[in-house]
Amino acid sequence: MTQKTMLLTGASRGIGHSTVRQFNREGWRVITCSRQPFPAECPWGGGAENHVEIDLADPNDTIRAVEVIREKLGGRLDALVNNAGISPKGAEGERLNTLDTDLKTWGHVFHVNFFASVVLARGLKDELAAAKGAIVNVTSIAGYRVHPFAGAAYATSKAALKALTREMAHDFGPLGVRVNAIAPGEIETAILSPGTDKIVEQIPLRRLGQTEEVARTIFFLCSDASSYISGTEIEINGGQHV
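Only a predicted model underlies this, so the values are computations on that prediction, with no experimental measurement involved.

J.: Looking at this model, I keep getting lost on the overall build of the chain. Mind explaining?
T.: On a plain count of helices and strands, the chain comes out with seven helices and nine strands. The C-alpha radius of gyration of the chain comes to 17 Å, within 12% of the 18 Å expected for a compact globule of 242 residues. In terms of overall dimensions, the chain has C-alpha extents of about 50 × 40 × 40 Å along its principal axes. Taken across its 242 residues, the chain has 50% of its residues classed as buried. Partitioning the contacts of the chain with sequence separation of at least 6, the portion at a separation of at least 24 is 71%. Carbon and sulfur atoms make up 53% of the accessible area of the chain, which totals about 11,900 Å². Side-chain charges of the chain comprise 25 positive and 27 negative groups, with the mean position of each set lying 4 Å from the other.

J.: Would you take a moment to explain unusual backbone geometry for this structure?
T.: In terms of backbone geometry, most residues other than glycine have negative phi values and most peptide bonds are trans. In this model, Lys 132 sits at a positive phi of 50 degrees, which is unusual for a non-glycine residue. Counting through the fold element by element, Lys 132 comes out in the loop between helix H4 (125–131) and strand E5 (134–138). Positive phi values are uncommon outside glycine, yet Arg 206 reaches one of about 60 degrees. Within the fold, Arg 206 resides in the loop between helix H6 (196–200) and strand E8 (209–210).

J.: Explain the sheet that holds E5 here, please?
T.: With respect to topology, seven strands assemble into an open sheet ordered E3-E2-E1-E4-E5-E6-E9, the strand pairing being parallel. Among the strands making up the open sheet, the edge pair consists of strand E3 (51–53) and strand E9 (233–236). Neighbour to neighbour, the strand axes of the sheet diverge by 15 degrees on average, direction disregarded. For strand E1 (residues 5–9) and strand E4 (residues 79–82), the ladder comprises three bridges, and the chain directions are parallel. Across the sheet, residue Leu 8 finds its bridge partner in E4, namely Val 81. The strands touched by helix H3 (residues 103–123) within the sheet are E1, E4 and E5, with E4 carrying the most contacts at an inclination of about 170 degrees. This element, helix H7 (residues 211–222), spans E4, E5, strand E6 (178–184) and E9 of the sheet and lies at about 170 degrees to E6.

J.: Any chance you could explain the nonpolar core here in plain terms?
T.: Note on soluble globular proteins: their nonpolar side chains tend to be buried together. If you look at the biggest cluster of nonpolar residues, it comprises 30 residues, and the most contacted ones within it are Leu 7, Ile 69, Leu 80 and Ile 135. Among the elements of the structure, strand E2 (29–34), helix H2 (59–73), H3 and helix H5 (152–172) are those that each provide at least two residues to this core. For this core, the leading source of residues is H3, giving six residues. What Leu 80 contacts, discounting residues up to four positions off in sequence, is Leu 7, Leu 120, Ala 121, Leu 128, Ala 134, Ile 135 and Val 136. Within the second largest apolar cluster, 20 residues are counted, among which are Leu 8, Val 30, Phe 219 and Leu 221.

J.: Just to check I follow, could you spell out the state of the cysteines for this structure?
T.: Disulfide: a covalent bond connecting the sulfur atoms of a pair of cysteines. Considering all chains together, one arrives at zero disulfides under this definition. Looking at the unpaired Cys 222, the closest cysteine sulfur is the one in Cys 33, lying at 14 Å.

J.: Could you clarify how one ought to interpret the pattern of salt bridges in this entry?
T.: Close approach of charged atoms allows side chains with opposite charge to pair. Using the criterion set out here, one finds nine salt bridges in the structure. Where Glu 67 meets Arg 70, a salt bridge forms, and the shortest distance between an N and an O atom there is 3.8 Å. Placement of both Glu 67 and Arg 70 in helix H2 is noted, with a separation of three residues, approximately one turn of the helix. Residue classification places Arg 70 among the partly exposed positions, given a relative accessible area of 31%. Across the salt bridge formed by Arg 76 and Asp 78, the nearest N and O atoms sit 3.3 Å from each other. Classification of Asp 78 by relative accessible area gives buried; the value is 7%. When salt bridges that share partners are traced, they join Glu 67, Arg 70 and Glu 127 into one network.

Conventions and cut-offs
- Residues numbered from 1 in each chain as written.
- Predicted model: local features only at pLDDT ≥ 70, side-chain atom pairs only at ≥ 80, totals over all residues.
- Heavy atoms only, no water.
- Helix = DSSP H or I, 4+ residues; strand = E, 2+ residues; numbered from the N terminus.
- Rg over C-alpha atoms; globule rule 2.2 N^0.38 Å.
- Buried < 20%, exposed > 50% of the residue type's maximum accessible area, 1.4 Å probe, protein only.
- Contact = heavy atoms within 4.5 Å.
- Areas by Shrake-Rupley, 256 points an atom, 1.4 Å probe, with all protein chains shown as cover.
- Lys, Arg positive; Asp, Glu negative; His and termini not counted.
- Charge placed at Lys NZ, Arg CZ, Asp CG, Glu CD.
- Pairing = 2+ DSSP bridges.
- Axes fitted to C-alpha atoms, helices over the stretch in contact; angles between N-to-C directions.
- Core = buried A, V, L, I, M, F, W, Y, C linked by side-chain atoms within 4.5 Å.
- Disulfide = S-S within 2.5 Å.
- Salt bridge = Lys/Arg side-chain N within 4 Å of Asp/Glu carboxyl O.

Below, the structure is given as structure tokens:
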């Protein structure tokens, strides 16, 4: 059988790191993208050869990188996971609201969290179509409710990404490509905002989510097990949205 290939942005930590591990365990080839060179301490084999340095905040660099990625693919891409995201904070670590966020920051956030997903998906549509592949956009619980830590630019970019998922499912569907989203809530990562414990008290499951739980959902949406699912967003938040 032909080895399947997944392209992932934002692989260096947290959900992205666990997603690479999940797909690697399942025998997939994983191509990662980030602003930094491939870290030597990462445990999966072939990682350095399958890594592309790209600044998703720079549209020109993102467009340039598409051609580099296409050369690595050989005509097929089974899954694109748009996981990269940034959420700037104020000088004291505070949430940046609509009154405090300058326009440069708005633009920076939207280029990484929203526009890069459009550029990559459009640029690789032929490879996705050839594999009858899948796209997964990583949104957030902050995309549909005001969050105490996530800033306004981050939240609105994730809400836009959810809407983009719907539009892409409609447009990519005739190519045989499925497009879905996942919306994580409070996930336990290396950096948690102070006060997260108070939020956990209000979550029905009364615990943080684990990055591995998110990664398994992403894998499901990229696998044949979800072959008739497209245009939906799966909430991964322990019931926090109810």
